[in-house]
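Residue-level listing of the chains:
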Amino acid sequence: MSKSSTVTVRETPVSEVSTVTAGGLVIHGETFLVDTEQRIDLVDLTDRIMGVVRKLRVKEGLVSLWSLHTTCCVFINEFQTALLSDIRHFLEELVARDAEWQHNNPAHSDCDRMNADSHLRAMLLGHSLTLQVHNGDVVLGQWQRILMAELDGPRARTLRVQVWGVA
Amino acid sequence: MSKSSTVTVRETPVSEVSTVTAGGLVIHGETFLVDTEQRIDLVDLTDRIMGVVRKLRVKEGLVSLWSLHTTCCVFINEFQTALLSDIRHFLEELVARDAEWQHNNPAHSDCDRMNADSHLRAMLLGHSLTLQVHNGDVVLGQWQRILMAELDGPRARTLRVQVWGVA
Amino acid sequence: MSKSSTVTVRETPVSEVSTVTAGGLVIHGETFLVDTEQRIDLVDLTDRIMGVVRKLRVKEGLVSLWSLHTTCCVFINEFQTALLSDIRHFLEELVARDAEWQHNNPAHSDCDRMNADSHLRAMLLGHSLTLQVHNGDVVLGQWQRILMAELDGPRARTLRVQVWGVA
């Protein structure tokens, strides 16, 4: 039984920007970096994602947002300092950092980050969002913000946004 | 440190119905309302979503379903009175309504709905689904139903469905 | 009040393979089976999903992965024996199998699988993923693997993958 994790290998690395068209449809992708400052850190990505869509001048379409890490998530919620503090505390209580996780035990795991709690929290939040574009803008309710949850920071994180749409 | 939440502003409001085409592909969007009756209320949206797809006569495609609220979710599960009761009780136990959440504390928050529990439960269920269309119908297993979870009702809720497909 | 669950009926059954094109775009779907061996069983689907995309020679696009069952999920995480054991134990602790769930009570439910815990765990993990394709390959981080969570096995499970893309 291996202590190691399976590595995912692409034939070619993910490039920073790509755009193709198919019958009036644009498919545009780009990666971007987010630096985080705390072990659990919540970052508002809304304006950045909206900016990509507006720059492309896509009228109707969809946006896929993907985190390229197992312990960094994206999700929808309200962005308010008090609520962000509640989210952090809730995640810390729901999954105990110091329980006897096998992933943190050198007898069973070659990972030295001691981050089983981060992996379990990430499983609950999810690693991607697929959003709608309408009238040139991302469809979001008044209080909805696109949030990134760093769960094992501080780190530099890579995300990729892919926009599908009709100009 | 602000007690307020960030507001999301669109350049133009979401219209009720829109349809565009691109190279044989239809992209159709429409919003709809759901009135809920309890604080936690589970509503079966399956027939409504299937109806939109059948009306469009799309054969192969996908459907995006989006809730425009932070405390109203969509997810997949079985629709049975007994199980719905279990889901409600599980959510109530998993996130305590009366814990000392900062979002419910006027010293830290200008929100007077006292709904921190609703926000935390919503984070676990998610706000959207992206489904497949095949042979003119949504791809669902025999017991799968598309459910909406009202987590801070009773309220009138707005959702948006976007269908991509080939006729 | 019914003890039964609502059944979802398609006009035509899901076929095993289908491919259509629209303006340079390919939409390809196929179902596949996974046999599981334990009540909670975690299966790595990454190579299988990547294989479907490579076989189609799609360069830019997206992939939808759907589980056709209420108690069988798909999600992203690291694939390591120690961590998989932690995930199983966490799910077992988060939702007690032997609590007094109504779905397991013959007075309220005609389901004899006694699997309320499976349904509640599934609600937290989710039943689908929508992934990006770039440069002919699925976009995944180095440690990200596409995992299936059997939550009420052992069973034979059906999933459907739908690829959208430009060759």
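In the block above lies the structure referred to throughout.
Rules and cut-offs
- Residues numbered from 1 in each chain as written.
- Chains lettered and ligands numbered in written order.
- Predicted model: local features only at pLDDT ≥ 70, side-chain atom pairs only at ≥ 80, totals over all residues.
- Heavy atoms only, no water.
- 1 Å grid on protein atoms, 1.4 Å probe; cavity = no way out; pocket = protein on both sides within 12 Å on 5 of 7 lines; lining within 4 Å.
- Points joined across faces, edges and corners; volume = space filled by probe spheres on them.
- Nonpolar A, V, L, I, M, F, W, Y, C, P; charged D, E, K, R; others polar.
- Least-squares fit on C-alpha atoms with pLDDT ≥ 70 in both.
- Contact = heavy atoms within 4.5 Å.
- Patch = residues over 30% accessible without salt bridge, like charges linked within 9 Å, V, L, I, M, F, W, Y side chains within 5 Å.
- Areas by Shrake-Rupley, 256 points an atom, 1.4 Å probe, with all protein chains shown as cover.
- Salt bridge = Lys/Arg side-chain N within 4 Å of Asp/Glu carboxyl O.
- Helix = DSSP H or I, 4+ residues; strand = E, 2+ residues; numbered from the N terminus.
- Buried < 20%, exposed > 50% of the residue type's maximum accessible area, 1.4 Å probe, protein only.
- Arc of directions from axis to C-beta.
- Phe/Tyr/Trp six-rings, centres within 6.5 Å; stacked < 30°, edge-to-face > 60°.
- Buried area = accessible area lost by both parts, 1.4 Å probe.
- Polar contact = N/O pair within 3.5 Å; in protein donor to acceptor, adjacent residues only side chain to side chain.

Caption draft 1: Molecular detail of the layout of surface pockets. Within this model, the largest pocket holds a volume of roughly 530 Å³. Lining the largest pocket are 28 residues, and of these Gly141(B), Gln142(B), Trp143(B), Leu68(C) and His69(C) lie nearest its centre. Looking at the lining of the largest pocket residue by residue, the class counts come to six nonpolar, 14 polar and eight charged.

Caption draft 2: Looking closely at the relation of the copies chain B and chain A. Superposing chain B onto chain A takes a rotation of 120° plus a shift of 0.0 Å along the axis, which leaves an RMSD of 0.0 Å. Such a combination of rotation and displacement between the chain copies is what one expects of a three-fold axis. Within chain B, the C-alpha atom positioned nearest to the axis of rotation is that of Gly23(B), 2.6 Å from it. Mapped onto chain A, only 14% of the interface residues of chain B again fall at the interface, so the copies present different surfaces.

Caption draft 3: Highlighting a nonpolar patch on the surface. A cluster of nonpolar residues, Val7(A), Val9(A) and Trp143(C), forms a patch on the protein surface that exposes about 270 Å² of accessible area. Along the chain, Trp143(C) turns up in the loop between strand E7 (137–138) and strand E8 (145–150).

Caption draft 4: Summary view of empty space enclosed by the protein. The tally for this structure, following the rule as stated, stands at one cavity of 30 Å³ or more. The volume enclosed by the largest cavity comes to roughly 650 Å³. In terms of lining, the largest cavity is formed by 37 residues, of which the most central are Leu125(A), Ser128(A), Leu125(B), Ser128(B) and Ser128(C). Class assignment for the residues of the lining of the largest cavity results in 25 nonpolar, twelve polar and no charged.

Caption draft 5: Focus on helix H1 (residues 46–56) of chain C. All names here are of chain C. Along H1, the residues classified as buried are Thr46, Ile49, Met50, Val52 and Val53. The buried residues of H1 occupy one face: seen down the axis, they fall within an arc of 155°. The outward face of H1, more than 90 degrees from its buried face, is lined by the exposed residues Asp47 and Lys55.

Caption draft 6: Expanded view of the packing of aromatic side chains. Under the defined criterion, the tally for this structure stands at three aromatic pairs over all chains. A centroid spacing of 6.5 Å and a plane angle of 85° characterise the contact between Trp164(A) and Trp164(B), whose relative ring orientation is edge-to-face. Linking Trp164(A) in strand E9 (residues 156–166) with Trp164(B) in strand E9 (residues 156–166), this pair reaches from one chain into another. Both residues of the pair, Trp164(A) and Trp164(B), belong to the buried class. According to the relative accessible area criterion, Trp164(A) is buried, its value standing at 1%.

Caption draft 7: A look at the interface of chain C and chain B. Listed per partner, the contact involves 49 residues of chain C and 43 residues of chain B. With both chains or domains summed, chain C and chain B bury close to 4,000 Å², and 59% of this area falls on carbon and sulfur atoms. Summed over the three residues of chain C that lose the most area to chain B, namely Thr8(C), Trp66(C) and Met123(C), the buried surface amounts to 18% of that side. Where chain C packs against chain B, one counts zero salt bridges. Inspection of the region where chain C meets chain B yields 23 residue pairs in polar contact (both at pLDDT 80 or more). Elements with a contribution of two residues or more to the side of chain C that touches chain B: strand E1 (17–22), strand E2 (25–35), strand E4 (60–67), helix H3 (116–125), strand E6 (128–134) and strand E9 (156–166) of chain C. Across the side of chain C that touches chain B, the residue classes break down as 22 nonpolar, 22 polar and five charged.

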